[in-house]
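# Architecture at a glance
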Amino acid sequence: QKERKVLGDKAPPKPIPKTLENQREPDETIVQPQDEEVLLEENSDELSAYFSGQEVPKILVTTSDRPRSQTTRLCAELASVIPSCEIYYRRGLALKCISKQGAARNFTHLIVVNQNRQKPSIFVFILADLGLGRRGMRRPRRPTPHTPEVIMTGFGTRLGRSVGRLLASLFPSRPNFTGRQVATFHNQRDFIFLRFHRYMFKDGTKVGLQELGPRLTLKLRSLQRGTFDSCFGLYDWVHKRHEMDTSRRRFHL
Amino acid sequence: MAQPSVQHVWLGAQTGLLKGEMFNVVRKNATNFSEFQSPGREHEVCAMCWIHLACRNGLVKKFDTGSAGFVSERDCTGGEGTFRGVATWGSSLITCVQSGLLKVWEEDPLNQVALEVGRDVYKMRQNPESPQIVATGGKENNLKIWDLQNPLKAVFKAKNIILWQSPDNAFSTLSHSPLCFSSVVVGNTHGQVAVVDLRRGMVGCCLKGFSLPLVASCGLDRFLRVHDLRNKQLLHKVYLKSRLNCLLLSSKENWEVSPIFISTFDVFLLFLYLTKRNGC
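What you see is a predicted model; the values in this text were computed from it and never measured. Here the residue numbers are simple positions, counted from 1 along each chain's written sequence. For naming, the first written chain is A and the first written ligand is 1, with later ones following in the order written. Local features in a predicted model are, by the rule used here, given only for residues with pLDDT of at least 70; side-chain atom pairs are given and counted only at 80 or more, and totals for whole chains, interfaces and linings are based on all residues. Side-chain figures throughout are based on the complete set of non-hydrogen atoms in the structure, without hydrogens or water.

## Considerations on the sheet that holds strand β10 (residues 101-105) of chain B
Two orientations exist for strands paired in a sheet by backbone hydrogen bonds: parallel and antiparallel. Residues and elements named next belong to chain B. In this description, strands pair whenever DSSP reports at least two bridges between them. Secondary structure elements follow DSSP: runs of H or I no shorter than four residues count as helices, runs of E no shorter than two count as strands, and numbering proceeds from the N terminus. Here four strands make up an open sheet; going across it, the order is β8-β9-β10-β11 and the pairing antiparallel. Each having just a single partner strand, β8 (83-89) and β11 (113-116) make up the two edges of the open sheet. If you compare each strand with its neighbour and ignore which way they point, the axes differ by 15° on average. Orientation is described by lines fitted to C-alpha atoms, with helices fitted over the stretch in contact, and by angles between N-to-C directions that extend from 0 to 180 degrees.

## Re the confidence of the model for chain B
Residues and elements named next belong to chain B. Every residue carries a pLDDT, the predictor's confidence in it, which falls somewhere between 0 and 100. Model confidence for chain B is summarised by a mean pLDDT of 62, while 49% of its residues fall at 70 or above. Across chain B, element-level confidence peaks in strand β9 (residues 92-97) with a mean pLDDT of 82 and bottoms out in strand β19 (residues 202-203) with 30. Whether two residues are in contact is decided by their heavy atoms, any of which lying within 4.5 Å being enough. Below a pLDDT of 50 lies the segment residues 197-212, which in the model reaches 37 contacts outside its immediate sequence neighbourhood of four places, other chains included. Note on residues 252-280: pLDDT under 50 across the span, and 58 contacts to partners over four residues away in sequence or across chains. Across the predicted assembly, pTM comes out at 0.76 and ipTM at 0.73.

## Describing the packing of aromatic side chains
All names here are of chain A. Stacked, edge-to-face and tilted labels apply to pairs of Phe, Tyr and Trp rings (six-membered ring for Trp) whose centres lie within 6.5 Å, assigned for plane angles under 30 degrees, over 60, and everything in between, in that order. Under the criterion given, the structure shown has four aromatic pairs over all chains. Members of the aromatic cluster, connected to one another through ring pairs, are F171, F185 and F196. Positioned above the aromatic ring of F107, the side-chain terminus of K58 is 4.5 Å from the ring centre. A ring has a charge above it when a Lys NZ or an Arg CZ is no more than 6 Å from the ring centre and no more than 35 degrees off the ring normal. One residue, K219, lies across the ring of F191, its end atom 5.4 Å from the ring centre.

## Some remarks on the state of the cysteines
Two cysteine sulfur atoms make up a disulfide if the distance between them is within 2.5 Å. Under the counting rule described, the total for this entry stands at zero disulfides over all chains. C75 of chain A forms no disulfide, and the closest cysteine sulfur to it belongs to C85 of chain A, at a distance of 8.5 Å.

## Description of helix α5 (residues 95-104) of chain A
Residues and elements named next belong to chain A. Relative accessibility thresholds used throughout: buried, under 20% of the residue-type maximum; exposed, over 50%; partly exposed, between the two (1.4 Å probe, protein chains only). Buried within α5 we find L95, I98 and G102. All buried residues of α5 fall inside an arc of 60° around its axis, so they share one side. Of the exposed residues in α5, those oriented more than 90 degrees away from the buried face are K96, K100, A103 and A104. Immediately beyond the C-terminal end of α5, within one or two residues, lies N106, with a positive phi of roughly 65°. In this context, the arc is that of the directions from the helix axis out to the C-beta atoms.

## Quick notes on the pattern of salt bridges
Residue and element names in this part refer to chain A. Each salt bridge in this description consists of a side-chain nitrogen of Lys or Arg and a carboxyl oxygen of Asp or Glu lying within 4 Å of one another. Summed over the entire model, instances satisfying the criterion amount to six salt bridges over all chains. The residue E21 makes a salt bridge to R189 at a minimum N-O spacing of 2.8 Å. Here E21, found in the loop between α1 (2-7) and α2 (36-43), pairs with R189, found in the loop between β7 (181-188) and β8 (191-201); they are 168 residues apart in sequence, far enough to count as distant. Relative accessible area serves as the criterion here: at 37%, R189 is assigned to the partly exposed category. Measuring nitrogen to oxygen at the nearest pair gives 2.9 Å for the salt bridge that ties E211 to R215. Among the charged side chains, a network of salt bridges with common partners joins E42, R161 and R165.

See below:
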């Protein structure tokens, strides 16, 4: 650095630091923008009705049996940020039973917050199984009932794209811009970070952010085709630690 | 576009696309043989036979490898659910749908044969040596063998052979292993492929001693994989962009034509035999 100061403008350009992201192993499934085949598949899949605005998501949130206070609090926080979200007690019902009853009452998504060692740990999403970590906020603000915008960042591969689509389909496709609320799903090194903010444009360049909902960290464990079925369900993708985690520079999402 | 007659593996995708894949060690080249405008969810390829495509909407399309295009379409709607198997028998088509309706489609509608094979059919396969004999099986539906010249009664009804039953994960696919009649290659819903010896009832213990070495698999993860059965090695893995439902192996002589394959010539001669055995 001293040499750099002495040389001034003549100093050689700083080398780009090596990170796991820019040293990532090449992945052939990374989606190129405007890939005809991917668009064709996305226009004809189950979630296409949400994104074209024909269907509005209606989400059923439930827990495992005998939820602890942290788990119920997380459910309440989720319900405060995700519109058209209803919380029900599990009442010892089997998942298959719940999904059948939910479908009869026009629910489109099912989120199950399980707990491990009395802390909320696993989301069983109706299609994906996501691990969950959680961090508290310093000064939580109250969200308004406006539909938030959704930002997805870092979902590059074909798998990442379908997971991102699934997560984005939790929110109605037409956001209410007057609420100035935004939900961000950020994927970094296969961890999905979920944040809720309210934004304000201060002038042409600066934006103020106010954090609203819970901070969640998700990790994909498996992705199933159709409704959740532990025995006969077809898996799109399962995380197999010993096969897949042989390199630190390989990411799947 | 690549020549359709030199494709080694044909794949049917859930988007209704037909893909050809040349088995090439150096380059990976997959070709689409459908137009992007026509396919969609209702054109999803549910079953294939050489080289007919049974789509979700009840149409069976015939593909001509010479002109690289679809030559004819046939409306084969009937029963409920998707196609679980399609086969050819002379000039007629044999289709089987999920609800158990097995039908032989002749040119003359009076000669058409229809029979019920039971609910929740998962697979219908044809005997390659005598094409009038087909086998069906499914969930809670025992394996039955039918002679289509005498369709009133099943030739053989197995007891307790039900697809889809296993203690851990359901088997989703099954194929007869070459030459060794007591072995089958099975794949489950978790994406694991194993060779099971039915005599001994153990998984993965009899990989040695196979003289026919290749098995090709495709799945929801959009990859085509070709494994060597002898040493369990992955020989070929291609990303094909769409979810894949079914595949066909070409039994053309062009396995020998490509100069790259000379070093592994014996592999492909044996492969030819394998494709003949499986009736692909």
